[in-house]
Amino acid sequence: MTQTFPASSAPAKQMLSEQVHARLRDAIMRGVHAPGDALKPQDLARAQGVSLAVVREALVRLVGEGLADRLPNRGFAVPTFSDRRWQEIAEARRVVEPVVLRMSVERGDVDWEARVRAAHHRLARTVPYDTEEGEYYSSAWAEAHRAFHRTLLEGCGNPVLLETFDRMWTASELARRWSAHRNPDRDGIDEHRRLEEAALARDADTAAEVLTTHLTRTAADLTLPET
């Protein structure tokens, strides 16, 4: 049964919209909706027992997050591997993040060093895949991964740069999960270990170089031929 709300129940409708958005976001992240799949509002509304307006609102939010495309006269769809935006985001990250990492290595204090070590330890000890969550990275690993990369940059002491990182990270999350699925033999553990070691050794040149290579590989994995 589709849930509808009177005009006076705006908070309830907003809460429902949040729930639908979270479910759709999770389904896309887990690969339930594959790259290029159509996201048909009518079908989604029927499956989730909500109004078409609620689903459309959730889909528009997903478009803003880079997790869905709005197609002229054709509704919505999951982006594809070949979408140029992934390479554009990767290019932006390669320009910005190594520079911020250099600043972080140069400015970070002992507390920053401790946080980097702790974030890397958490990442190394978190299992990347959970069979109950699908074939892509688990949500726990994804969060540990984000926390490690952000902690590396926090020593820069510039909140504007960190906000820029946050926006680019969110925009690239789906591509990151896809890239790992397309190149399962990649040694991400070693790449992250080298990042931690270079940062804590205060070797800004090596840290920036390792990070640039790390980001380049993620983008390159999306260009691999289908298997």
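To be clear, the structure that these remarks concern was listed above.
Summary of the structure given here. Keep in mind the model is a prediction, meaning the values are calculated, not measured.

Here is what the cut-offs are and how they apply
- Residues numbered from 1 in each chain as written.
- Predicted model: local features only at pLDDT ≥ 70, side-chain atom pairs only at ≥ 80, totals over all residues.
- Heavy atoms only, no water.
- Helix = DSSP H or I, 4+ residues; strand = E, 2+ residues; numbered from the N terminus.
- Core = buried A, V, L, I, M, F, W, Y, C linked by side-chain atoms within 4.5 Å.
- Buried < 20%, exposed > 50% of the residue type's maximum accessible area, 1.4 Å probe, protein only.
- Contact = heavy atoms within 4.5 Å.
- Salt bridge = Lys/Arg side-chain N within 4 Å of Asp/Glu carboxyl O.

### Some thoughts on unusual backbone geometry
Okay, step 1: Here R202, not a glycine, exhibits a phi torsion of approximately 60 degrees, which is positive.
Okay, step 2: Of note, R202 is situated in the loop between α8 (188-200) and α9 (204-221).

### Focus on the nonpolar core
Okay, step 1: In this structure, L101, V105, V116, F148, L152, L153 and L195 are the most contacted members of the largest nonpolar core, which totals 28 residues.
Okay, step 2: Of all the secondary-structure elements, those providing two or more residues to this core are α4 (84-107), α5 (110-125), α6 (139-154), α7 (159-182), α8 and α9.
Okay, step 3: Once residues within four sequence positions are removed from consideration, L153 is found in contact with E97, V100, L101, S104, L162 and F165.

### Details of the pattern of salt bridges
Okay, step 1: This model, assessed by the stated rule, comprises 18 salt bridges.
Okay, step 2: Between D43 and R46 there is a salt bridge, with its nearest N and O atoms 3.1 Å apart. You can see D43 and its partner R46 sitting in helix α2 (residues 41-48), three residues apart, about one turn around the helix.
Okay, step 3: Here D43 falls in the partly exposed class, since its relative accessible area comes to 38%.
Okay, step 4: Using a relative accessible area of 61% as the deciding quantity, one classes R46 as exposed.
Okay, step 5: Each of R115, R150, E154 and D166 takes part in one network of salt bridges that share partners.

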